[in-house]
Amino acid sequence: MENEKFIIKVAKALSDRHRLLMLREIAQQGSLNCGQVQDLTLMSQPSVSLHLKLLTDCGLLEKEKTGKVVNLKLNHQAVEDFVTFFGKIVQEE
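Residues numbered from 1 in each chain as written. Predicted model: local features only at pLDDT ≥ 70, side-chain atom pairs only at ≥ 80, totals over all residues. Heavy atoms only, no water.

1. Some remarks on the environment of Ala78
Here is the rule we go by: Numbering of helices and strands starts at the N terminus; helices are DSSP runs of H or I of at least 4 residues and strands are runs of E of at least 2. In this analysis, two residues are considered to be in contact whenever any of their non-hydrogen atoms come within 4.5 Å of each other.
If you trace the backbone, Ala78 turns up in helix 5 (residues 76-92). Sequence-wise, Ala78 and Glu62 are 16 residues apart; in three dimensions their C-alpha atoms are separated by 10.0 Å. If sequence neighbours within four positions are ignored, Ala78 has contacts with Phe6, Gly59 and Leu60.

Below you can see the structure in the form of C-alpha cells.
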C-alpha cells in the first residue's frame, strides 16, 4: 500500500509538462538550483519553486545545500522504484 501511494504521488508530479522539462534538465545537468531552472524554463520564480517543491515532495528530486544555494539533483533510487513498479506489471502479463 505504501508503494502505491508513492507511485500515485510520482505519477501526479509527472503529469505536468513543465515538471517533466525541469526533471529532464536537472537529470541531464546533474544538479541545478532554482534560479538556473528558472532561466531554462523562463517561468516566474514562484511557479518554478512550486513545481520543484512538488518534484521534491514526491521524492524525485533531492536537495543539496551549499552555503545559501540549494541545488536539486535527481533521486535515482526513486526513479528506479517508479520504473520497477511498471516493470513488474508488464512481467505479470
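From this point, things continue past the structure.
2. Observations regarding the pattern of salt bridges
A side chain of one charge can pair with a side chain of the opposite charge when the charged atoms of the two come close. Applicable threshold: For this analysis, a salt bridge means a side-chain nitrogen from Lys or Arg found within 4 Å of a carboxyl oxygen belonging to Asp or Glu. When a residue's accessible area, from a 1.4 Å probe over protein chains only, is under 20% of the maximum for its type it is buried; when over 50% it is exposed; and in between it is partly exposed.
For the coordinates displayed, the defined rule picks out 2 salt bridges. Note that Lys53 and Asp57 form a salt bridge whose closest N and O atoms lie 2.7 Å from each other. One end of the pair, Lys53, and the other, Asp57, are both in helix 4 (residues 45-57), 4 residues apart, so they sit about a helical turn from each other. By relative accessible area, Lys53 is classed as partly exposed at 48%. Since its relative accessible area comes to 41%, Asp57 is described here as partly exposed. As a salt-bridge pair, Glu64 and Lys73 come within 3.3 Å of each other at their nearest N and O atoms. On the accessibility criterion, Lys73 (28% relative accessible area) is partly exposed.

3. Some details on the pairing of strand 2 (residues 61-66)
What counts, and what does not: If DSSP finds at least two bridges between two strands, the strands pair.
In terms of strand pairing, strand 2 meets strand 3 (residues 69-74) through 6 bridges, oriented antiparallel. Its bridge partner being in strand 3, Lys65 is matched across the sheet by Val70.

4. What about helix 3 (residues 34-41)?
To be explicit about the condition: The definition of a polar contact used here is a pair of N or O atoms within 3.5 Å, where within protein one atom must be able to donate a hydrogen and the other to accept one, and adjacent residues in sequence count solely through side-chain atom pairs.
Capping the start of helix 3, Asn33 holds a side-chain oxygen 3.0 Å from the backbone nitrogen of Gly35, two or three residues further along. Backbone geometry just downstream of helix 3 places Leu42 in the positive-phi region, at approximately 60°.

5. Digging into the packing of aromatic side chains
Note the threshold: Any Phe, Tyr or Trp ring, taking Trp's six-membered ring, that has another such ring centre within 6.5 Å forms a pair; planes under 30 degrees apart are called stacked, those over 60 apart edge-to-face, and the others tilted.
One pass over the structure, following the stated rule, counts 2 aromatic pairs. Here the aromatic rings of Phe82 and Phe86 are separated by 5.2 Å at their centres, their planes lie at 70°, and the arrangement is edge-to-face. Highlighted residues: Phe82 and Phe86, both in helix 5, separated by 4 residues, approximately one helical turn. Ring geometry for Phe85 and Phe86: centres 5.1 Å apart, planes at 90°, overall edge-to-face. For Phe85, a relative accessible area of 23% gives the class partly exposed. Taken together, the aromatic side chains of Phe82, Phe85 and Phe86 make up a single cluster linked through ring pairs.

6. Overview of the pairing of strand 3
Sheet analysis places strand 1 (residues 32-33) next to strand 3, joined by 2 bridges and oriented antiparallel. Directly across from Asn33, in strand 3, lies its bridge partner Asn71. The antiparallel hairpin formed by strand 2 and strand 3 contains 2 residues in its connecting segment, where Gly67 sits at a positive phi of about 65°.

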